[in-house]
Amino acid sequence: MDPQTYAKLYGPWRPDPSASAGTGVTLLTALLGAVTAMSLAWLTFLVGLSALWGAADGAAVGGFLASYAAGVAGYAALLTALALVPGVRRMTSAGRRLLLTAVACLVPFVLAVVTWFSTG
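The rules behind the values
Residues numbered from 1 in each chain as written. Predicted model: local features only at pLDDT ≥ 70, side-chain atom pairs only at ≥ 80, totals over all residues. Heavy atoms only, no water. Patch = residues over 30% accessible without salt bridge, like charges linked within 9 Å, V, L, I, M, F, W, Y side chains within 5 Å. Areas by Shrake-Rupley, 256 points an atom, 1.4 Å probe, with all protein chains shown as cover. Salt bridge = Lys/Arg side-chain N within 4 Å of Asp/Glu carboxyl O. Helix = DSSP H or I, 4+ residues; strand = E, 2+ residues; numbered from the N terminus. Buried < 20%, exposed > 50% of the residue type's maximum accessible area, 1.4 Å probe, protein only. Expected span 1.5 Å × (residues − 1). Contact = heavy atoms within 4.5 Å.

A. Quick peek at a nonpolar patch on the surface. A grouping of Phe109, Val110, Val113, Val114, Trp116 and Phe117 is seen on the molecular surface, where their side chains present a nonpolar patch of about 620 Å² in accessible area. Along the chain, Val113 falls in helix H5 (residues 93–118).

B. Spatial organisation of the environment of Leu106. You can see Leu106 is positioned in helix H5. Taking the relative accessible area as the measure of exposure, Leu106 reaches 53% and is therefore exposed. Along the sequence, Leu106 and Val35 sit 71 residues apart, while their C-alpha atoms lie 9.8 Å from each other.

C. Fine view of the side chain of Thr29. Residue position: Thr29 is located in helix H2 (residues 23–57). Judged by its relative accessible area of 12%, Thr29 falls in the buried class.

D. Representation of H2 in the model. Taking 1.5 Å per residue, 35 residues should reach 51 Å; H2 reaches 51 Å between its end C-alpha atoms and fits that length. Every buried residue belonging to H2 is among Thr29, Leu32, Val35, Thr36, Ser39, Leu43, Val47, Ala51 and Gly54, and all of these are buried. Packed against the buried residues of H2 are helix H3 (62–83) and H5. With its phi angle positive at about 95°, Gly58 sits one or two positions after the end of H2.

E. Region of interest: the environment of Thr101. Mapping Thr101 onto the fold places it in helix H5. Along the sequence, Thr101 and Thr36 sit 65 residues apart, while their C-alpha atoms lie 7.8 Å from each other. Leave out the neighbours within four places in its chain, and Thr101 touches Thr29, Leu32 and Thr36.

Structure representation (structure tokens):
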């Protein structure tokens, strides 16, 4: 819909002050985002180190790196599809961010914990 038509019909858009996120939701979202980033950094470090060792040994590592990149891209596509589901789009922005960071954190965090404890 054209913004001018919307403004003529309903008045100018104003954000809803009651929909502001609480500090706890914002901090939890930031914490989950940081855990996700650290987990992905750890996994990427392991994949890169494994590829470097494999390349130094003379093995072909292109398929290994491509499968990792495809996995990350597939997970990003899944999160994008989840963000576009009508029920999620109707959520408040704080709730939507919290849901998406919680879902984004699941797989990388579990994989990072498994690899961390299996290497020792």
